[in-house]
Amino acid sequence: MEAHNSNEDFAVGCILSIKTTLGEEFQGQVLTFDRSSNILVLQEGLNSGSGPKRNIRLLKANYVKEFTFLGQGEDPLDLKKCFIDLNNLQAREDSAIRQAELEAERFGIGVTAEAQSIFDALSKTLPVRWDKTTIVVMNEVRVSSPYLPESVVGGTPAANERVRKVLEFERKRLQTRSAGQ
């Protein structure tokens, strides 16, 4: 088999062995190639014995280091042979929604940019969440506006001290950053 490295050879239905610029190697059948976006759409799992299940991979063509033409396959877009695993699709959607909800909980509503920066700094080393405009650390320590070390209440003395130190450090960092601008 002859190795190629030209986008001109990405014809629908071709089965290719591909090496990427990131060192990954795989085989797939070309579903389509979009020249305007330089995206190659491949169907993997042709010989995996996984039955009708296939993976679809979108790959920027400039990440293809080289490829080898392995042959011409059947029409990959034949609707009679297409299979969508709805359970897997639903599980992936549920997972993405849960992840988006978790990420959304990290943003305070009705708080200043400074309060959000303090929350972000605390979240790097401690479990935190918002309770309206109050930062709750380790489900016991609460930091209320104006988010000063004196605003820290609740929890054990050691937890309080840890939160105060992070708070003081972050406030100094924010002041240094704003003074430099």
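Residues numbered from 1 in each chain as written. Predicted model: local features only at pLDDT ≥ 70, side-chain atom pairs only at ≥ 80, totals over all residues. Heavy atoms only, no water.

Naming follows an unreviewed UniProt entry, where the chain appears as AD domain-containing protein of Coffea arabica.

I'm lost on the overall build of the chain in this one. Help?
A tally of regular secondary structure across the chain gives 3 helices and 10 strands. Element order for the chain, N to C, with α for helix and β for strand: β-β-β-β-β-β-α-α-β-β-β-β-α. Per-residue burial for the chain yields a buried fraction of 30% across its 181 residues. For the chain, long-range pairs separated by at least 24 residues make up 41% of all intrachain contacts whose partners lie at least 6 apart in sequence. When the accessible surface of the chain is split by element, carbon and sulfur atoms take 52% of a total near 12000 Å². (Helix = DSSP H or I, 4+ residues; strand = E, 2+ residues; numbered from the N terminus. Buried < 20%, exposed > 50% of the residue type's maximum accessible area, 1.4 Å probe, protein only. Contact = heavy atoms within 4.5 Å. Areas by Shrake-Rupley, 256 points an atom, 1.4 Å probe, with all protein chains shown as cover.)

Explain a nonpolar patch on the surface to me, please; I cannot follow it from the model alone.
A contiguous nonpolar surface patch, about 330 Å² in accessible area, is contributed by I84, L86 and L89. Considering the arrangement of structural elements, one finds L89 in helix α1 (residues 86–104). (Patch = residues over 30% accessible without salt bridge, like charges linked within 9 Å, V, L, I, M, F, W, Y side chains within 5 Å. Salt bridge = Lys/Arg side-chain N within 4 Å of Asp/Glu carboxyl O.)

Just to check I follow, could you spell out the nonpolar core for this structure?
The tendency in soluble globular proteins is for nonpolar side chains to be buried side by side. I118, L122, I135, V137, V143, Y147 and V163 are the most contacted members of the largest nonpolar core, which totals 18 residues. Here this core takes 5 residues from helix α3 (residues 157–179), the largest share from any one element. Once you skip the residues sitting within four places of it in the chain, L122 turns out to touch V128, I135, V137, V163 and V166. Listed in part, the 13 residues of the second largest apolar core include C14, F26, L42 and L59. (Core = buried A, V, L, I, M, F, W, Y, C linked by side-chain atoms within 4.5 Å.)

Sorry if this is basic, but what is going on with the packing of aromatic side chains here?
Here the distance between the centres and the angle between the planes together describe a pair of aromatic rings. Tallied over the full model, the rule gives 3 aromatic pairs. Considering the side-chain rings of F10 and F67, the 5.0 Å spacing of their centres and the 40° angle between planes classify their relative orientation as tilted. Here the residue F10 occupies a position in the loop between β1 (3–4) and β2 (14–20), and F67 occupies one in strand β6 (residues 64–72), the gap between them amounting to 57 residues. Looking at F67, the relative accessible area reads 1%, which means it is buried. What links up through ring pairs into an aromatic cluster is the set F10, F33 and F67. Directly above the ring of F26 sits R57, whose terminal nitrogen or CZ lies 3.8 Å from the centroid. (Phe/Tyr/Trp six-rings, centres within 6.5 Å; stacked < 30°, edge-to-face > 60°. Lys NZ or Arg CZ within 6 Å of the ring centre and 35° of its normal.)

Can you help me understand the environment of K19 in this one?
Here K19 is to be found in strand β2. Given the relative accessible area of 33%, K19 is considered partly exposed. Spatially, the C-alpha atoms of K19 and V64 are 6.1 Å apart, while their sequence positions differ by 45 residues.

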